[in-house]
Number of protein chains: 2
Amino acid sequence: MDLWFSEQLTDHSRFSIRVKEQLFHGKSDFQTIDIYDTHDFGKVMTIDGKFMVTERDEFIYHDMISHVPLLAHKAPKDVMVIGGGDGGTVREVLKHDSVRSVELCEIDGMVIETARKFFPTLSCGLDDPRTKILVQDGIEYIATRKDAYDVILVDSTDPAGPAEGLFNKAFYQCAFEALKDGGIMVVQSEGPLWRMDTVQEIVETLKSLFPVCELYTFPVPTYPFGYWSFTFASKEYGPFEHFSESRAATIAKTTRYYNPGIHHAAFALPNFLKQKLNPAES
Amino acid sequence: MDLWFSEQLTDHSRFSIRVKEQLFHGKSDFQTIDIYDTHDFGKVMTIDGKFMVTERDEFIYHDMISHVPLLAHKAPKDVMVIGGGDGGTVREVLKHDSVRSVELCEIDGMVIETARKFFPTLSCGLDDPRTKILVQDGIEYIATRKDAYDVILVDSTDPAGPAEGLFNKAFYQCAFEALKDGGIMVVQSEGPLWRMDTVQEIVETLKSLFPVCELYTFPVPTYPFGYWSFTFASKEYGPFEHFSESRAATIAKTTRYYNPGIHHAAFALPNFLKQKLNPAES
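Here is a short report on the structure shown in this document. Everything quoted here is computed from the prediction, not taken from an experiment.

Parameters and conventions
Residues numbered from 1 in each chain as written. Chains lettered and ligands numbered in written order. Predicted model: local features only at pLDDT ≥ 70, side-chain atom pairs only at ≥ 80, totals over all residues. Helix = DSSP H or I, 4+ residues; strand = E, 2+ residues; numbered from the N terminus. Rg over C-alpha atoms; globule rule 2.2 N^0.38 Å. Contact = placed C-beta atoms within 7 Å. Least-squares fit on C-alpha atoms with pLDDT ≥ 70 in both. Buried ≥ 20, exposed ≤ 12 C-beta atoms within 10 Å, placed from the backbone. Pairing = 2+ DSSP bridges. Axes fitted to C-alpha atoms, helices over the stretch in contact; angles between N-to-C directions. Nonpolar A, V, L, I, M, F, W, Y, C, P; charged D, E, K, R; others polar. Expected span 1.5 Å × (residues − 1). Bend = angle between axes of the 7 residues up to and from the residue. Core = buried A, V, L, I, M, F, W, Y, C linked by C-beta atoms within 7 Å.

**Brief notes about the overall build of chain A**
Line of reasoning, step 1. The number of helices and strands found in chain A is 10 helices and 12 strands.
Line of reasoning, step 2. For 282 residues, the compact-globule estimate of 2.2 N^0.38 gives 19 Å, and the C-alpha radius of gyration of chain A, at 18 Å, lies within 12% of that figure.
Line of reasoning, step 3. Along the first, second and third principal axes, the C-alpha set of chain A runs to 55 × 45 × 35 Å.
Line of reasoning, step 4. Pairs at least 24 apart in sequence give 65% of the contacts found in chain A among residues at least 6 apart.

**Quick notes on the relation of the copies chain A and chain B**
Each of the two chain copies can be brought onto the other by rotation about an axis and movement along it.
Line of reasoning, step 1. Rotating chain A by 180 degrees and translating it 0.0 Å along the rotation axis places it on chain B, where the RMSD comes to 0.0 Å. Considering both components of the superposition, the chain copies are consistent with a two-fold axis.
Line of reasoning, step 2. Comparing contact sets, 100% of the residues at the interface of chain A also lie at the interface in chain B, consistent with an isologous, same-surface contact.

**Some points on the pairing of strand β11 (residues 212-219) of chain B**
Residue and element names in this part refer to chain B.
Line of reasoning, step 1. Counting buried residues in β11 gives 7 out of 8 residues, a clear majority hidden from the surface.
Line of reasoning, step 2. Of the pairings in the sheet, the one linking β11 to strand β12 (residues 227-234) comprises 8 bridges and is antiparallel in character. Counted as the bridge partner of F218 is W228 from β12.

**Some details on the sheet that holds strand β10 (residues 179-188) of chain B**
Residues and elements named next belong to chain B.
Line of reasoning, step 1. Sheet architecture is open: 7 strands sit in the order β8-β7-β6-β9-β10-β12-β11, paired in mixed fashion. Edge positions in the open sheet fall to β8 (131-134) and β11, since each of these has one partner strand only. In this sheet, neighbouring strand axes are inclined to one another by 15 degrees on average, regardless of whether the strands run parallel or antiparallel.
Line of reasoning, step 2. Each of β9 (149-155) and β10 is contacted by helix α6 (residues 169-178), which is oriented at about 140 degrees to β10, the strand it contacts most.
Line of reasoning, step 3. Helix α7 (residues 196-207) contacts β10, β11 and β12 of the sheet and is inclined by roughly 5 degrees relative to β12.

**Some words on the sheet that holds strand β10 (residues 179-188) of chain A**
Residue and element names in this part refer to chain A.
Line of reasoning, step 1. Strand order in the open sheet formed by 7 strands is β8-β7-β6-β9-β10-β12-β11, and the pairing between neighbours is mixed. Each of the sheet's edge strands pairs with one partner strand only, and the pair in question is β8 (131-134) and β11 (212-219). With direction set aside, neighbouring strand axes in the sheet form an average angle of 15 degrees.
Line of reasoning, step 2. As paired elements, strand β6 (residues 78-83) and strand β9 (residues 149-155) share 5 bridges and run parallel to each other. Each residue of the ladder has a partner; that of M80, found in β9, is I152.
Line of reasoning, step 3. With respect to the sheet, helix α6 (residues 169-178) is in contact with β9 and β10, its orientation differing from that of β10 by roughly 140 degrees.

**What to know about the interface of chain A and chain B**
Line of reasoning, step 1. With 31 residues of chain A at the contact, the number on the chain B side is 31 residues.
Line of reasoning, step 2. Elements that contribute at least two residues to the side of chain A that touches chain B include exactly β2 (13-27), α9 (260-265) and α10 (271-277) of chain A.
Line of reasoning, step 3. The element best represented in the side of chain A that touches chain B is β2 of chain A, accounting for 6 residues.
Line of reasoning, step 4. Residue classes in the side of chain A that touches chain B are distributed as 15 nonpolar, 12 polar and 4 charged.
Line of reasoning, step 5. Across 5 bridges, β2 of chain A lies against strand β2 (residues 13-27) of chain B in antiparallel orientation. Each residue of the ladder has a partner; that of F15 of chain A, found in β2 of chain B, is F15 of chain B.

**Topic: helix α1 (residues 58-72) of chain A**
Line of reasoning, step 1. The end-to-end C-alpha distance of α1 of chain A, which contains 15 residues, comes to 22 Å, matching closely the 21 Å that a straight helix rising 1.5 Å per residue would cover.
Line of reasoning, step 2. Its axis deflected by about 25 degrees at M64 of chain A, α1 of chain A carries its strongest bend there.

**Structural notes on the environment of W194 of chain B**
All names here are of chain B.
Line of reasoning, step 1. Secondary-structure assignment places W194 in the loop between β10 and α7.
Line of reasoning, step 2. For the pair W194 and S6, spaced 188 residues apart in sequence, the C-alpha to C-alpha distance is 17 Å.
Line of reasoning, step 3. Residues in contact with W194, not counting those within four places in the same chain, are L9, P224 and F225.

**Observations concerning the nonpolar core**
Line of reasoning, step 1. In terms of nonpolar packing, the biggest core is built from 174 residues, with M64, I152 and V186 of chain A together with M64, I152 and V186 of chain B touching the most fellow members.
Line of reasoning, step 2. Beyond its immediate chain neighbours, meaning those up to four positions away, I152 of chain B contacts M80, I82, A175, A178, L179 and M185 of chain B.

Listed below in structure tokens is the structure:
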């Protein structure tokens, strides 16, 4: 059998991996979910034909979405994850001893169910007593929450389909209000070598609301063109003011990507990004 | 016309881009060279079916191979580039005012000829009066040179075919002797998410000869899995001891990737790399 899965990155580029076996195919109310066992990336989940998570490289994305903001916060207690139904982000958040509650608000229950079945190394934190799972629209839910979270992590798909509203100013405004004083939000903000205009738009929208707003980057081989970003948006403090080397070193004993050096290095942007995001300073 | 070029990254993964037009196909004594005009990456050169250089992303690789070692050196005067017949590395080296000579030693004259014809933005430095081009085997040439260079840049293809000898200890020993006191070599050292064992082998071989040896990383979307490395090997000084913020800032006025922040950030390695390269420290 010579079975290949291809993601069309643009009209003119694609990335393909050979599949050992298709393990799942399902259509939820929101999207199409497929799970493959592959040679190079272990088990892989795709949503609407796009790589979502792979066993081989998920550690980078999940380290970077969680440990950067949690270690930039003085003592994060209450955390919300929007999207992220595979559980990888929750797994990392729960490594922080100060955290007493993690709410996971995932619109699509099928993502959670398939992750529980096929990705136990990701979904392992979903049954933790500190975790509360809400299968509902994160945009609607967050609008009901005020002054409730220390950290909000927007672990979303691309800005199309069910995730589109997670990139709007109205949503970011609600998230701002759902954060406590000193709160921090991190949002999945796309690939700088892929959709630079989208990256710029996300950063500019967040800058219009949050006093602190900084992009940071990291590699993800299975995302388009391999270079990805999160945006750090904070009500008061930057990424380093409350950063404690010793707290970070403790977390880094459990990680394969994140460590204190990476915490700092990830915010060093290349010139083409600085020029696009901060033209006045460049 | 629906013409695609695919690079087989492993037996089980491939990256493909749509081609507008094939501009060149040639077989030299050493390898097969193709040049395509593409939608997403502009003009692209492949060697033996592998992406070598593209107009769109070459700036990252060429900034990082050249400015990091040249700015780690107090005042580099004499530079040697082995491989790199496309000219991109020479172009960047020539931006440094202290440089009075650059020797480019490329085994395959066809790489230089096609770069001159199809990649004028890369080959533009080849006619500079400070540049001397040698079409010969870099391994043989370097063995004849002693105490001659401040910086040697090994801008090679993968360790197979004509470049294989550029990854051997015997070659690194000759390079060590060809460097002046305080000299620095940087070698293309493959992709950490692609061929980790090769990365480790290169670093360990260099460590057995050079007192200072450090890996640094950067994204290259058209190289396998998008995350790439160089190894910095130095006879005396590390990457930061002679680093001058103001010299770096001057160079950074001309670059799209490199800047002083990137100089430091590139050496911050993720845990999986630290553990592989320095298991005792991790």
